[in-house]
Amino acid sequence: MIPTLAGRVQTRLFVLATVGVVLTALLALVLPMSFGDAFVMLLTVAVAGLGWELLYHLLMQFRWDKDWPTLFGLLTAVPEGLLMWVLLDLDLVPGVEGPVSFWAFAVMFTVVWLGQWLFVNGPMRVLFVQWRLRGGRLL
């Protein structure tokens, strides 16, 4: 079943609210950033992700099967991560108290992104079989 736009948005928000929150909390313990900054960045990724999903939906309309190959889903981390870093670097993310080092951001973004991608492409397909049959929609 090809995920619908609504299904992809719901999946993105669900996975960030579960897997993303757990990984962010664990990483905030070891990275040089506050819990507040880490979770504001996670929230910003979730909000910006809604815009990304609209763009990806538009781009998918040019593909014959109207879907991304799994590898494309992984590679979308590059433009999303770059945008997040630019927003942080230009102090355009409200609520982040201090400068965030690039390596701390890169570690956090990469681990959270890989964690959510692996969850969606592995356990989620087994744990939420109905999710796959409803175009990715959870509700």
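Above this text is the structure in question.
Residues numbered from 1 in each chain as written. Predicted model: local features only at pLDDT ≥ 70, side-chain atom pairs only at ≥ 80, totals over all residues. Heavy atoms only, no water.

A. Representation of the pattern of salt bridges in the model. As enumerated under the stated definition, the model contains 3 salt bridges in all. Ionic pairing is found between Arg 8 and Glu 53, a salt bridge with its closest N-O pair at 3.1 Å. With Arg 8 in helix α1 (residues 5-30) and Glu 53 in helix α2 (residues 35-60), this residue pair connects regions lying 45 residues apart in the sequence. One exposure class covers both Arg 8 and Glu 53, and it is buried. Close ionic contact of Arg 12 with Glu 80 constitutes a salt bridge, the shortest N to O distance being 3.0 Å. (Salt bridge = Lys/Arg side-chain N within 4 Å of Asp/Glu carboxyl O. Helix = DSSP H or I, 4+ residues; strand = E, 2+ residues; numbered from the N terminus. Buried < 20%, exposed > 50% of the residue type's maximum accessible area, 1.4 Å probe, protein only.)

B. Summary view of helix α4 (residues 77-89). Relative to the 18 Å expected for 13 residues at 1.5 Å per residue, α4 spans 18 Å between its end C-alpha atoms, a close match to the ideal helical length. Taken together, the buried positions of α4 are Ala 77, Glu 80, Gly 81, Met 84, Trp 85 and Leu 88. Buried positions in α4, seen along its axis, are confined to an arc of 135° and lie on one side of it. For α4, exposure combined with an orientation more than 90 degrees from the buried face picks out Val 78, Leu 82 and Asp 89. For α4, the elements touching its buried residues are α1, α2, α3 (70-75) and α5 (102-120). Just past α4, the residue Asp 91 takes up positive phi, approximately 55°. (Expected span 1.5 Å × (residues − 1). Arc of directions from axis to C-beta. Contact = heavy atoms within 4.5 Å.)

C. Fine view of α1. Across its 26 residues, α1 extends 35 Å between first and last C-alpha, which sits within 8% of the 38 Å expected from 1.5 Å per residue. The largest bend in α1 comes to about 40°, at Gly 20. Within α1, burial applies to Gly 7, Arg 8, Thr 11, Arg 12, Val 15, Leu 16, Val 19, Gly 20, Thr 24, Leu 27 and Ala 28. (Bend = angle between axes of the 7 residues up to and from the residue.)

D. How the structure looks around a nonpolar patch on the surface. Where nonpolar side chains cluster on the molecular surface, the patch consists of Val 22, Leu 26, Leu 29, Val 30 and Phe 35 and spans about 520 Å² of accessible area. Per-element accounting of the nonpolar patch gives the leading share, 4 residues, to α1. Here Leu 26 lies in helix α1. (Patch = residues over 30% accessible without salt bridge, like charges linked within 9 Å, V, L, I, M, F, W, Y side chains within 5 Å. Areas by Shrake-Rupley, 256 points an atom, 1.4 Å probe, with all protein chains shown as cover.)

E. Just the packing of aromatic side chains, in detail. Considering all chains together, one arrives at 5 aromatic pairs under this definition. Arranged with centres 5.6 Å apart and planes meeting at 25°, the rings of Trp 52 and Tyr 56 form a pair that is stacked. Here the residue Trp 52 and the residue Tyr 56 both occupy positions in helix α2, the gap between them amounting to 4 residues, near one helical turn. In this structure an aromatic cluster arises from ring pairing among Trp 85, Phe 102, Phe 105, Phe 109 and Trp 113. (Phe/Tyr/Trp six-rings, centres within 6.5 Å; stacked < 30°, edge-to-face > 60°.)

All quantities given are derived from atomic positions and should not be read as evidence of function.
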